[in-house]
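Residue-level structural notes
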Amino acid sequence: MDGFTYMHLGEVSDPDKYVVCKYRVTSDLPIEKAADAIAAEQSTGTWTGISTLDRGIIDRLGARVIDISGDIITVEFPSEDFSIETGSVPQILSVIAGNLFGLGALKAVRLEDVTFPKDILSQFKGPKFGSDGIRDLLDRPEKPLVGTIVKPKIGLSPEDTAKYVYEAGAGGLTNSKDDETLVDQRFCPIEDRTVAVADALDRLESEGHKMLHAINVSTRGDKIVELAEKVQSWGAKQLMVDVITCGFGAVQALAEDPSIKVPIHVHRTMHGAFTKDPLHGIAMLPLTKLTRMCGGDALHIGTLGVGKMAADKHDDSNLVACLGDDVPYKKVMPVCSGGVYPGIVGAIVERSGLDVQIQAGGGVAGHPDGVRGGAKAMSQAVDAAFAGIPLSEYAKDHRELALALEKWGSR
Ligand code: CAP
Ligand code: MG
């Protein structure tokens, strides 16, 4: 250690000037020492004393441990520790979620939450459309959006993908999307898929049904804007980006690019590598806050403890991070997805409220009546939840829902 202490127990020095992080810490050391080690490593310190560090630098730029409650420590970082360039998530993450995960002094550490001061929030623009903008495009001001993920996640031709989308829309769904592993493979070239899906959406609209389909443009950083512009020119009405594999900067580049005039659906595949372990890694909450800052219009936040993906105990917090008015950005549409089927839609809406997009892949394509039947069952389940009618009651005069409840049950 560098011989200095970073302990400043008390209130946040200045909420307008400090980034405040909460970490869950597991260590054989006394937690005060573990906290000091984190604050030192993430700001001005290192493992040993150095001749070039003085108290003045630490007082100006040193992180400060301001609270220790059980295994949760609160560390504040002066905003001067962060780049003056406009909105740089990479450098923010290097400070608040960098070397500390590898510190030998710790057995485990998890970044549970982060709050940014105004002078950092103001460097980001947030969503271009947001949840209200997506609702405007769909003429669906109040009801939950209801969507699907084209399944199988890879393997369908462009034409069969478009057929799936048309059947889903004809069954009443408002949204569909490419899956996270589908981008531009030989069996389904992105241009052919985008054109075919756009034709299907136009046909649905001519029949009075508005629907969005998100084309996955996840690719390398120096190519993603160019690909998105092409996909948009081929008729895409929404883009999808895998934010963890592409990076927050990819979402930001698309959201801030004036030539991109369609909403961005943000998938979070690979997040489980660091969100799943309750003691080590990064909770979804910081990722949700950063995605909203970078301009994602819709974001997967899990199924609030109801679907197939392990529940992140912060799910409710993620809803607030998407929809709250504590930051100067448009709201993000929270997307509940992963092992969803009509029988759990009511349970999800009970937790999420109505400002949500609920989507199912297997829970639509696996319906006995095929995609259109599955779409009808999901739409009926959302209508029932919106009307406050129990699914079993609503299923009495909605065949497709009844079949779905018979096949998969309900919660
Ligand atoms: C859902 C999904 C999504 C998950 C990812 C899948 O399909 O397409 O990627 O939603 O999880 O591949 O699992 P199913 P999360 O509806 O067939 O499960 O939303 O938690 O990021
Ligand atoms: Mg998927």
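See the structure printed just above.
Residues numbered from 1 in each chain as written. Chains lettered and ligands numbered in written order. Predicted model: local features only at pLDDT ≥ 70, side-chain atom pairs only at ≥ 80, totals over all residues. Heavy atoms only, no water.

**Observations regarding the coordination of the magnesium ion (ligand 2)**
- Distances from the magnesium ion (ligand 2) to its protein donors, Asp179 (OD) and Glu180 (OE), fall at 1.9 Å.
- The class for Glu180 is buried, based on a relative accessible area of 13%. (Donors = N, O, S within 2.8 Å, 3.2 Å for Na, K, Ca; no water. Buried < 20%, exposed > 50% of the residue type's maximum accessible area, 1.4 Å probe, protein only.)

**Regarding the nonpolar core**
- In this structure, Tyr23, Phe77, Ile96, Phe116 and Val217 are the most contacted members of the largest nonpolar core, which totals 109 residues.
- Shared between two domains, this core holds at least three residues of each, these being domain 1 (18–121) and domain 2 (130–405).
- Leave out the neighbours within four places in its chain, and Phe77 touches Lys17, Tyr18, Val19, Cys21, Tyr23, Gln42, Ala63, Phe82, Val95 and Ile96.
- Residues Leu138, Leu212, Ala298 and Met333 belong to the second largest nonpolar core, which totals seven residues. (Core = buried A, V, L, I, M, F, W, Y, C linked by side-chain atoms within 4.5 Å. Domains from an automatic or database assignment. Contact = heavy atoms within 4.5 Å.)

**A look at the packing of helix α14 (residues 345–352) against helix α16 (residues 370–387)**
- Direction vectors running N to C along α14 and α16 enclose 45 degrees, while the axes themselves pass 9 Å from each other. Classified by the angle their axes make, α14 and α16 are oblique. Of the two possible hands of crossing, α14 and α16 adopt the one that is right-handed. For the pair α14 and α16, the contacting residues are Val345, Gly346 and Val349 in the first and Met378, Ala381, Val382 and Ala385 in the second.
- Of the residues contributing to the contact of α14 with α16, the split by class is six nonpolar, one polar and no charged. (Axes fitted to C-alpha atoms, helices over the stretch in contact; angles between N-to-C directions. Helix = DSSP H or I, 4+ residues; strand = E, 2+ residues; numbered from the N terminus. Parallel < 35°, antiparallel > 145°, perpendicular 65-115°, else oblique. Left-handed = near helix turned anticlockwise from the far one by under 90°. Nonpolar A, V, L, I, M, F, W, Y, C, P; charged D, E, K, R; others polar.)

**Digging into the environment of Ala402**
- Note that Ala402 resides in helix α18 (residues 399–408).
- Take Ala402: its relative accessible area is 29%, and that puts it in the partly exposed class.

**Regarding α16**
- Along its 18 residues, α16 runs 26 Å from first to last C-alpha, staying within 8% of the 26 Å computed at 1.5 Å per residue.
- Residue Gly388 follows α16 closely and has a positive phi angle near 70 degrees. (Expected span 1.5 Å × (residues − 1).)

**A few points about helix α7 (residues 190–206)**
- Between its first and last C-alpha, α7 extends 24 Å over 17 residues, near the 24 Å set by a 1.5 Å rise per residue.
- Turning to α7, its buried residues number three or more, namely Ile190, Arg193, Thr194, Ala196, Val197, Ala198, Ala200, Leu201 and Leu204.
- Among the structural elements, α6 (158–170), β7 (212–216) and α8 (224–233) are those in contact with the buried residues of α7.
- Among the residues trailing α7, Gly208 stands out with phi positive, at a value near 90 degrees.

**Points about the sheet that holds strand β3 (residues 72–78)**
- If you walk across this open sheet you meet the five strands as β2-β3-β1-β4-β10, and the pairing is mixed. Looking along the sheet, the strands with just one partner apiece sit at the ends: β2 (64–69) and β10 (281–282).
- Two strands pair when backbone bridges link them, and strand β4 (residues 108–115) and β10 are joined in this way by two bridges, in the parallel orientation. Its bridge partner lying in β10, Arg110 is registered against Gly281.
- Against the sheet, helix α1 (residues 31–41) engages β1 (18–26), β2, β3 and β4, with an angle of about 145 degrees to β2. (Pairing = 2+ DSSP bridges.)

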